[in-house]
Amino acid sequence: MPGTQIESACPRHDRRESHMAERGDETLVHTLKKVAAVLKQSEIPFALGGSFAVYAHGGHSSEHDVDFLIRGEDVDRALEALVEAGFDAERPPEDWLVKVYDDGRMVDLIHRPIETPVTEETFADTIDRPVDAIHMPVLSASLLMVHKLLSFSQHYCDFARALPLARSLREQIDWERVRKETQHSPYAEAFLVLLDRLDVVPYSGATEEKETA
């Protein structure tokens, strides 16, 4: 097999394009498109996540990553196809993702975000969006927000990374759904209260408490 071996280890179209250009990451966008093309050609279901999914919806993100969601049963086939296409591949110690590299540019292939396996239901919660003129399934704004909030823990709780997403996509996000799907997380609740205090979006939980008081 050529290439390196696997190692262990909505908004307007022109607005979306300008947000991506602002990053100065044309080569990273090119890598994203190459990965999407290989997955499509190999008939491997996928969805774009992470910061570029935010940009595809016309929003802003403070992060700098390319994430694709794929099913666990498709991981081996995806890596084989991408290595065949010239990517370097890595299986890191974390058991919820694998990585591929295009001339040093990293792409995460995530099969179990927030400890929940990617399923057909995940792919149903996507919207077809153009990414640099290439259409692909992109995680919905609501699911992106849920994933971001449920990534917070006592070891990682950087609200500054979630604020741009919440502010720029707030009109596309189903906030009641976000509250319900993250209600078990005190870190998510704290962030939603922060959004209320910043007048980004009302926190319905606080409203309910006032009404019952």
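Read on for a plain summary of the structure. Since the structure is predicted, the reported quantities are computational estimates derived from the model, not experimental observations. (Residues numbered from 1 in each chain as written. Predicted model: local features only at pLDDT ≥ 70, side-chain atom pairs only at ≥ 80, totals over all residues. Heavy atoms only, no water.)

Counting residues in each nonpolar core, the largest one holds 63 residues, and the members touching the most others are Phe68, Leu109 and Met145. Residue contributions to this core peak at seven residues, all from helix H2 (residues 26-41). Excluding residues within four positions of it along the chain, Phe68 makes contact with Leu32, Val35, Ala36, Leu39, Phe46, Ala47, Leu48, Val107, Asp108, Leu109, Ile110 and Met136. (Core = buried A, V, L, I, M, F, W, Y, C linked by side-chain atoms within 4.5 Å. Buried < 20%, exposed > 50% of the residue type's maximum accessible area, 1.4 Å probe, protein only. Helix = DSSP H or I, 4+ residues; strand = E, 2+ residues; numbered from the N terminus. Contact = heavy atoms within 4.5 Å.)

Another aspect to go through is the side chain of His57. Tracing the backbone through its elements, the reader meets His57 in the loop between helix H3 (50-56) and strand E3 (67-69). Residue classification places His57 among the buried residues on the basis of a relative accessible area of 0%. A distance of 3.1 Å separates a polar atom in the side chain of His57 from a polar atom in the side chain of Arg129. (Polar contact = N/O pair within 3.5 Å; in protein donor to acceptor, adjacent residues only side chain to side chain.)

Moving on, we get to the environment of Val35. The residue Val35 is located in helix H2 in this model. In this structure Val35 comes out as buried when scored by relative accessible area, which is 0%. With 43 residues separating them along the chain, Val35 and Ala78 place their C-alpha atoms 9.5 Å apart. In contact with Val35, other than residues within four places in its own chain, are Phe68, Leu82, Phe87, Val100, Val107 and Leu109.

With that settled, consider the pattern of salt bridges. The full count for this structure, using the stated rule, is 15 salt bridges. Asp74 serves as the salt-bridge partner of Arg71, at 2.8 Å between the closest nitrogen and oxygen. Assigned by exposure class, Arg71 and Asp74 land together as buried. A salt bridge links Arg91 to Asp76; the shortest N-O distance between them is 2.4 Å. In this pair, Arg91 is assigned in the loop between strand E4 (88-90) and strand E5 (97-102) and Asp76 in helix H4 (residues 75-84), connecting sequence segments 15 residues apart. For Arg91, a relative accessible area of 32% corresponds to the partly exposed category. A residue is classified by how much of its surface remains accessible, and Asp76, at 44% relative accessible area, is partly exposed. What you see here is one network of salt bridges that share partners, running through Arg71, Glu73, Asp74, Arg77 and Glu120. (Salt bridge = Lys/Arg side-chain N within 4 Å of Asp/Glu carboxyl O.)

This part is about the pairing of strand E8 (residues 134-139). Pairing analysis gives six bridges linking strand E7 (residues 126-131) to E8, with the strands arranged antiparallel. Along E8, the bridge assignment pairs Ile127 with Val138. Once E7 ends, the chain turns through two residues before running back antiparallel as E8, passing Asp132 with a positive phi of about 50°. (Pairing = 2+ DSSP bridges.)

A few words now on the environment of Val107. With respect to the secondary-structure elements, Val107 resides in strand E6 (residues 105-110). According to the relative accessible area criterion, Val107 is buried, its value standing at 0%. Each C-alpha atom of the pair Val107 and Val35 lies 8.3 Å from the other, and the pair is 72 residues apart in sequence.

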